[in-house]
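Each chain, written out:
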Amino acid sequence: MKCLNCDTEFEGNFCPECGQSAKTGRFTMKFILQNLTTAILGRDGGVWFTLKNLFSRPGAMIVEILSGKRKKYFSPFPMLFFALTLYILVTSATTGFMLQEAFSQSDTVFTEESEEIDSQSIEVYHLLKNTVFFFINHYTLCFLLTLPLFVIAARACYGRDNRKKYYWAEYIITIVYALVIVVLFRCLTKLTYLFDHDLALSLGFTLAPLVMIVACTACSRKMLGFSIAKTAWRSFLLVLLYSLMLFGLLLIGAILFALIVLNGKGDINIQLG
Ligand SMILES: [Zn+2]
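Conventions and cut-offs
- Residues numbered from 1 in each chain as written.
- Predicted model: local features only at pLDDT ≥ 70, side-chain atom pairs only at ≥ 80, totals over all residues.
- Helix = DSSP H or I, 4+ residues; strand = E, 2+ residues; numbered from the N terminus.
- Rg over C-alpha atoms; globule rule 2.2 N^0.38 Å.
- Buried ≥ 20, exposed ≤ 12 C-beta atoms within 10 Å, placed from the backbone.
- Domains from an automatic or database assignment.
- Axes fitted to C-alpha atoms, helices over the stretch in contact; angles between N-to-C directions.
- Parallel < 35°, antiparallel > 145°, perpendicular 65-115°, else oblique.
- Left-handed = near helix turned anticlockwise from the far one by under 90°.
- Contact = placed C-beta atoms within 7 Å.
- Nonpolar A, V, L, I, M, F, W, Y, C, P; charged D, E, K, R; others polar.

(A) Here's a closer look at the overall build of the chain. Counting its secondary structure elements, the chain contains twelve helices and zero strands. Secondary structure of the chain in N-to-C order comes out as α-α-α-α-α-α-α-α-α-α-α-α. By the compact-globule yardstick of 19 Å for 273 residues, the chain is too spread out, its C-alpha radius of gyration being 24 Å. For the chain, the C-alpha atoms occupy an extent of roughly 85 × 45 × 40 Å along the three principal directions. The burial tally for the chain puts 22% of its 273 residues in the buried class.

(B) Representation of the domain arrangement of the chain in the model. By the assigned domains, the chain splits into domain 1 (1-41) and domain 2 (46-265). Centre-to-centre, using C-alpha coordinates, domain 1 lies 39 Å away from domain 2.

(C) How the structure looks around the packing of helix H3 (residues 58-66) against helix H11 (residues 197-224). Two elements in contact, H3 and H11, have axes whose closest approach is 7 Å; the angle formed by their N-to-C orientations is 55°. By the angle between their axes, H3 is oblique relative to H11. In the packing of H3 onto H11, the handedness of the crossing is right-handed. Side by side, H3 and H11 meet where Pro58, Gly59, Ala60, Ile62, Val63 and Leu66 of the first sit next to Ala218, Cys219, Arg221, Lys222 and Met223 of the second. Grouping the constituent residues of the contact of H3 with H11 by class yields eight nonpolar, one polar and two charged.

What follows is the structure, encoded as structure tokens:
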């Protein structure tokens, strides 16, 4: 028999070179349905099984994965893309309104007509507002781009012994699984927006950092070998450090944007599209 994938001649059920099944035939609807169901519901590497473990025993799952039990679980990055896709689907309708609502109060304070506030403060306000809008409107992109910041913060906060013990990549795997929890939580807050606006806003803006801390604590505790309290404290520092780095970068970005793009147009007058 000749392998359809790599042309190796062999006998048996699987190609010894590349592992492709000898029974590889043409695509059928049955094959596609089976493939989808195993990917989602299958026990061996299925999305559902992985999610169940991620929420019921995250620390133990991460340790298993790091020590080599990989096939049981859906891979971290596809898992994160899956969660982000879900987020995009849930969010496409609600984000704009949610942001307008969140800023509606401060907008009435910082208007061109108000006499107490000078024009420079209004410009700074709009600059900050636009930065937040950009970040949230491009959440998935920013989220993926800032992943390195999160990993740097994790390595810095989770102690010298663990920096020696684990590779960078092992921190990345842990953080990506933790972020899956964070993104799924964000999906939930976006869904609550459909029912209760105030609840969704307070969930989105106040609980989000807390969920990050909880997710990082849950995912990394077993791997780090710390107590829950110590892991939670270090995770708090992690999120603080990440936020500071992110805020710094966004601020630099906003200032550069204002200097380069808007100076070309004469005076600084940022309007939101
Ligand atoms: Zn082959």
